Each structure stands twice: as structure tokens, then as C-alpha cells.
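# Summary of structural features
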Amino acid sequence: MENRDDLNSILPYLPLVIRSSSLYWPPRVVEALKAMSEGPSHSRVDSGEVLRQAISDMRRSLSCSTLEPSASHGYALLFDELIGEKESKRWFDEIIPALAKLLLKFSSLLEEHYQNADSIVSGIETGLRLLDTQQAGIVFLSQELIGALLACSFFCLFPDDNRGAKHLPVINFDHLFATLYESYSESQESKIRCIMHYFERFCSCVPIGTVSFERKILPAEYQNSSTTAPDADFWSKSEFSLCAFKVHSFGLIEDQPDNALEVDFANKYLGGGSLSRGCVQEEIRFMINPELIAGMLFLPRMDDNEAIEVVGIERFSCYTGYASSFRFAGDFIDKKDKDPFQRRRTRIVAIDALCAPKMRHFEEICLLRDINKALCGFLNCSKSWQHQNMVIDEGDSGLRHTDANTSHEALLNDVEMSREKPANNLVRDFYVEGVDCMDHEDDGVATGNWGCGVFGGDLELKATIQWLAASQTRRPFISYYTFGVEALQNLDQVTKWILSHKWTVGDLWNMMLEYSAQRLNKQTNLGFFSWLLPSLATTNKTIQRS
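My aim in this report is to walk through the structure given alongside it, one point at a time. (Residues numbered from 1 in each chain as written. Predicted model: local features only at pLDDT ≥ 70, side-chain atom pairs only at ≥ 80, totals over all residues. Heavy atoms only, no water.)

### Here we look at the overall build of the protein chain
Within the protein chain one finds 20 helices and 14 strands. If you take every contact in the protein chain between residues at least 6 apart in sequence, the share linking residues at least 24 apart comes to 75%. Split by element, the accessible area of the protein chain, about 22,400 Å² in all, is 48% carbon and sulfur. (Helix = DSSP H or I, 4+ residues; strand = E, 2+ residues; numbered from the N terminus. Contact = heavy atoms within 4.5 Å. Areas by Shrake-Rupley, 256 points an atom, 1.4 Å probe, with all protein chains shown as cover.)

### A word on the pairing of strand 6 (residues 261-266)
For strand 6, the buried fraction is high: 6 of the 6 residues fall into the buried class. Of the two faces of strand 6, the one holding Leu261, Val263 and Phe265 and the one holding Glu262, Asp264 and Ala266 are both buried throughout. Both strand 6 and strand 10 (residues 347-352) contribute to a ladder of 6 bridges, which runs parallel. The residue bridging Glu262 from the neighbouring strand is Ile348, located in strand 10. Taken together, the 2 bridges between strand 6 and strand 13 (residues 445-448) define a ladder with parallel strand orientation. Across the sheet, residue Leu261 finds its bridge partner in strand 13, namely Val445. (Buried < 20%, exposed > 50% of the residue type's maximum accessible area, 1.4 Å probe, protein only. Pairing = 2+ DSSP bridges.)

### Regarding the environment of Asn8
Relative to the elements of secondary structure, Asn8 occurs in helix 1 (residues 5-10). Assessed through its relative accessible area of 35%, Asn8 is described here as partly exposed. Note: C-alpha distance between Asn8 and Leu130 (122 residues apart in sequence) is 9.0 Å. In this structure Asn8 touches Glu2 and Asn3, once residues within four positions along its chain are discounted. Side-chain polar atoms of Asn8 contact the backbone oxygen of Arg4, separated by 3.0 Å. (Polar contact = N/O pair within 3.5 Å; in protein donor to acceptor, adjacent residues only side chain to side chain.)

### Observations regarding the packing of aromatic side chains
Throughout the structure, instances matching the rule amount to 27 aromatic pairs. Centroid distance Phe213 to Phe298: 5.5 Å. Interplanar angle 85 degrees. Geometry classified as edge-to-face. With a gap of 85 residues between them, Phe213 in strand 4 (residues 210-217) and Phe298 in the loop between helix 12 (281-288) and strand 7 (306-311) connect regions that are remote in the sequence. Using a relative accessible area of 0% as the deciding quantity, one classes Phe213 as buried. Looking at Phe298, the relative accessible area reads 0%, which means it is buried. Ring centres of Tyr319 and Phe326 lie 5.6 Å apart, and the angle between their planes is 40 degrees; on these two criteria the pair is classed as tilted. Overall, Phe326 belongs to the buried group, its relative accessible area being 0%. By way of ring pairs, the aromatic residues Tyr75, Phe79, Trp91, Phe92, Phe154, Phe155, Phe177, Tyr198, Phe199, Phe202 and Phe316 are connected into one cluster. (Phe/Tyr/Trp six-rings, centres within 6.5 Å; stacked < 30°, edge-to-face > 60°.)

### Here's the deal with the sheet that holds strand 3 (residues 137-142)
One open sheet holds the 8 strands; their spatial order is 3-4-7-10-6-13-14-5, and the pairing between them is mixed. The open sheet is flanked by strand 3 and strand 5 (244-248), the only strands paired with a single partner. Taken pair by pair, the neighbouring strands of this sheet meet at an average axis angle of 25 degrees, ignoring direction. In this fold helix 8 (residues 143-154) packs onto strand 3 and strand 4, with an angle of close to 90 degrees to the strand it touches most, strand 3. (Axes fitted to C-alpha atoms, helices over the stretch in contact; angles between N-to-C directions.)

### Some remarks on the layout of surface pockets
Volume-wise, the largest pocket comes out at about 660 Å³. If you go around the largest pocket, you meet 30 residues; those closest to its centre are Phe265, Val280, Gln281, Glu282 and Tyr322. Contributions of two or more residues to the lining of the largest pocket are made by strand 6 and helix 12. A total of 6 residues in the lining of the largest pocket trace back to one element, the largest contributor, which is helix 12. For the lining of the largest pocket, the class distribution of residues is 17 nonpolar, 8 polar and 5 charged. (1 Å grid on protein atoms, 1.4 Å probe; cavity = no way out; pocket = protein on both sides within 12 Å on 5 of 7 lines; lining within 4 Å. Points joined across faces, edges and corners; volume = space filled by probe spheres on them. Nonpolar A, V, L, I, M, F, W, Y, C, P; charged D, E, K, R; others polar.)

### Observations concerning the environment of Pro15
For Pro15, the position within the fold is in the loop between helix 1 and strand 1 (17-19). Taking relative accessible area as the criterion, Pro15 reaches 6% and is therefore assigned buried. Taking C-alpha positions, Pro15 is 9.8 Å from Cys156, a pair spaced 141 residues apart along the chain. Those residues in contact with Pro15 that lie beyond four places of it in its chain are Trp25, Pro26, Leu62, Phe106, Cys152, Leu157, Phe158 and Pro159.

### Remarks on the side chain of Arg59
Tracing the backbone through its elements, the reader meets Arg59 in helix 4 (residues 48-61). At 2.7 Å, the side chain of Arg59 forms a polar contact with the backbone oxygen of Ser65.

### Observations concerning helix 8
For helix 8, built from 12 residues, the straight-helix expectation of 16 Å at 1.5 Å per residue is met to within 8% by its first-to-last C-alpha distance of 16 Å. The buried fraction of helix 8 is high, at 11 of 12 residues. Of all the positions in helix 8, only Gln143, Leu145, Ile146, Gly147, Ala148, Leu149, Leu150, Ala151, Cys152, Ser153 and Phe154 are classed as buried. Backbone geometry just downstream of helix 8 places Cys156 in the positive-phi region, at approximately 60 degrees. (Expected span 1.5 Å × (residues − 1).)

### Some details on the packing of helix 9 (residues 174-182) against helix 10 (residues 186-204)
Orientation of helix 9 relative to helix 10, taken along the N-to-C sense of each, is 145 degrees, at an axis distance of 9 Å. Note that helix 9 runs across helix 10; the crossing there is left-handed. Within the contact between the two elements, helix 9 uses Leu176, Phe177, Thr179 and Leu180 and helix 10 uses Gln188, Glu189, Lys191, Ile192 and Ile195. When grouped by side-chain class, the residues that make up the contact of helix 9 with helix 10 number 5 nonpolar, 2 polar and 2 charged. (Left-handed = near helix turned anticlockwise from the far one by under 90°.)

Okay, structure coming up:
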């Protein structure tokens, strides 16, 4: 075990120690967990007040910093005041002991994980490790191991002093409980109730399945350049047809029926404010699918040419509302079937838009940044799979592996040469087709108003950018959820008009560039769609007068 590079990269961020090729909890933590596993009669953990003290004692045994007082008060507030006496008693009699038993298994679960990691995909590293920026790769975790990781988060057992230096998001739940105490809101309580419900479900029946977390990278054009490929000339010359565009005025991305790739309107730090005050699209998704939180342990912030794709997460909760109106609304039974890796056929891609760009959003460099970010997210596979082809054997559901001949250096050379090739060669030049076990040919993109909330993006440009990126990656369609935003009332009409005129990706990109230049030069103040179809502007003025 000591010689595993993957384990050694993540070990500083785990609460375990390695000795004689085995992983261990410190003895005093084992004592505390054993006592809690036997129930409150042995541990005396029968209230939020005692629980917070038990958490503090375990953190001291791990040489972790002391919890902020507001975090400790948050645990006490939840279990001693906010939830009913019957629910609180159930947690201390059943759930807390079950989570303690799970944590006593944590070291053996992790050892088993590393024993199996080298055989999941031949020649591909899949073990839990720090997937640093500009390090494409994939990690496969069992749902049981994810449950143990989230139990560590609940008890705040992960060391947190060294995470900032690696640009890792927070992983312990102390900030979540601190904000509950510091500025109580029903939405914050509902976030915690979603996580509580996940633990309740987990403890009643341990889920059997796998989740993969992948860092995807769009290669830089030049080794010493921060500019991501492709450039504006590439997009201008693209002759790819635009894919179908389905507009949904109502409904939610996570409820889409088409097995499409679902877009997480992400922060560059995966999860955003999920474990603090945040309660918008990304944070809500992390609450109803808490297994996403596990990725926050080992995935540092995304660079401009990176995306994170998660496959196989299970949904556990229903909800209503958004932001301050968000409310936990009970159990959700996820009926998605599974792929050969035992991952649910749910694919989520986290892509972060430019934050609060204002007029800068019309600058070519900013348009390129966001379209290439979406391109990276929408590609079917990434550099972590580039050296491997896998074929599903229909006869025995087994997996056959064949080595691809493409080396990393050859791939980069292809990328360098792509400036001299037609834009239609993007998919061939930027990745070698690899593991394909989820019928990608039918996978569209389910998205919406990406980067248009607190990030301040332009609704019409962002919709167009995502359409272009999906088309360039040969996605068959976009399902666009407008969430009833009035500014997109003409989206369906505009996309149908463009499709009827058989525009290419390059045609639409060039029109968007021309419009953006006019906005920057103050030659127009119209929205992109009204500028594109002047009849829309006339119609909108008539509607406003009436």
C-alpha cells in the first residue's frame, strides 16, 4: 500500500494513517467510534450538545483544528431544537450508531478499493487520488465507500488545514452547520435535511453501485500558453450542422427523460456553496444527489480548459423552490438503470462560466473562454481515456480491452497541427474515442441558463454558446430549460428560424461575433435575438405597449 502513488497523493487529506501496509484510525478515534456504534447507552451521545462534544474530541485525536463555536452550536440547534423529539431519538438510537459502524469499516473499504482499482479498466488508473488541475483522469468509487466518505464529512474528520494550498473546496460539514446557527433559514435547514435523508436511506439499505468522477481537459494550443484551443478562426470555419434545439419553458434539468448529459452550472470550486450558504442550481443538485459531495474531497478548482464529469450518482430527495424558497420535499426513488460498470445512467458535467463579466462578456476572448469551456464539458470522453479502447461484449457482458496506438505526445502534436486542418476535424483531433459504455450516440445535452444568475451572464449569448458547443461535439440535441425566464420567450422561434435556414456552427458563431462587436462599440443595444431577427424587436415593442 505504501508504494501506491494514488494513495500517497490523497493520504494527507484523509483522517487515516498507514502502518505496515494497512490503513488505520488513531486508537482514540476507534474507541469513540466503537462507543457510538453501540448506541447512546455506551457513548452517552444522545443529544446535539453531546454530539458536538464527541466530534470535537475526535478532531483533537486527529490533531485537527478546533471547530468554530458556531459550527458546534449548529449541531446542537439542529438535533436539540429544530427536528422533533422522535426524529432526534431515532438519529441517536439508530443513525449515529450505524454511521459509526460504517466509519469503523472505512479503512477496510478503502483497502478493498485500492485492491480492485487496477482491474476496473485495463491500463487506466481509477483509484482514489488527488486529481490535480491539468491532470486528466478518472476515479471510480463504490456507493458504500462514498457513504463512508460523507460520514467523515458529517463528523468533520477530514484534515482541513492543508486543503487551501491545493485549491480544494471545503469537505467537512462544519460550515454547513455554522451557517445554520449564524443566520438560520428554512432553506439552510432543508439542505441539511436532504443530507440527513440520504444517511437515513443509506443506513436502511446500503446502495450497491459505482460512481465515477472524471477531470476532463481541453488541451492548450501551446505548451506555454494559457489560451485554450480552439481559437476564433477554428469556430468561424466550422461547417458542422447545428443540432436540434428543444425549448422547455417549464420543468427541471434533473427530470429530463432523454438520458441526456445534464449540466451543472458550476463554480470553479466543485460544489460551490453546497457546504455553506449557497442554494442555487449547483448547490441544490448536490443536496438531492449528495454523492456528488465526495468529488469535493479530491478535485481541486477547475482551470479555464477543464470540466468535471460525474457518472452514476443516485438521487435521494425531492424538493420544491429555489434559493431562499428551497425546501426538502421527501423521498425520491431513482429508477435509472445501470451500465456495465454498475453506474446509474445519469451523467452530470460541471462547467463554470465567467463570473460577473458585464460588458466584457461581449469581448471575443470571453466568448472563446466560455464556448471552449462548454466544448470541454460536452465532449464524450477526455484525455484520461485516450490510451484505451474498450468494446462491450454482448455475449457475456464482459469487457474486452485493446490498447490504442495514440501516445500522449502524438495527441499533443495533433492538437498543434489542428490549426491547419478543417474545423470539422475537432472531435478526431482533440480526443481519441475511448470507453463508450452508455450509448453516447443518443446523448443530447440538458441545460439551461448557465452562468446567468449571480454570475451575470447574457441569457441569449449563453444559450447560443451552449448550442454551438453541443453541435461541434456532435450531440444530437439540446434540451434547454428556460425556467420560465421572460427574456427567453423567443428562444424557440429563433432557434427554429436558424435551423430552417440550415446555418452551420461557423455561420452562427460569426453572427454572434459581429453582434458582440456592435454591442462593444455601442452601435446597438438590442439583445442578440432581436438584433438577429429585427421582426422580434418590433413584436416585443408591440406586446409591451399593449
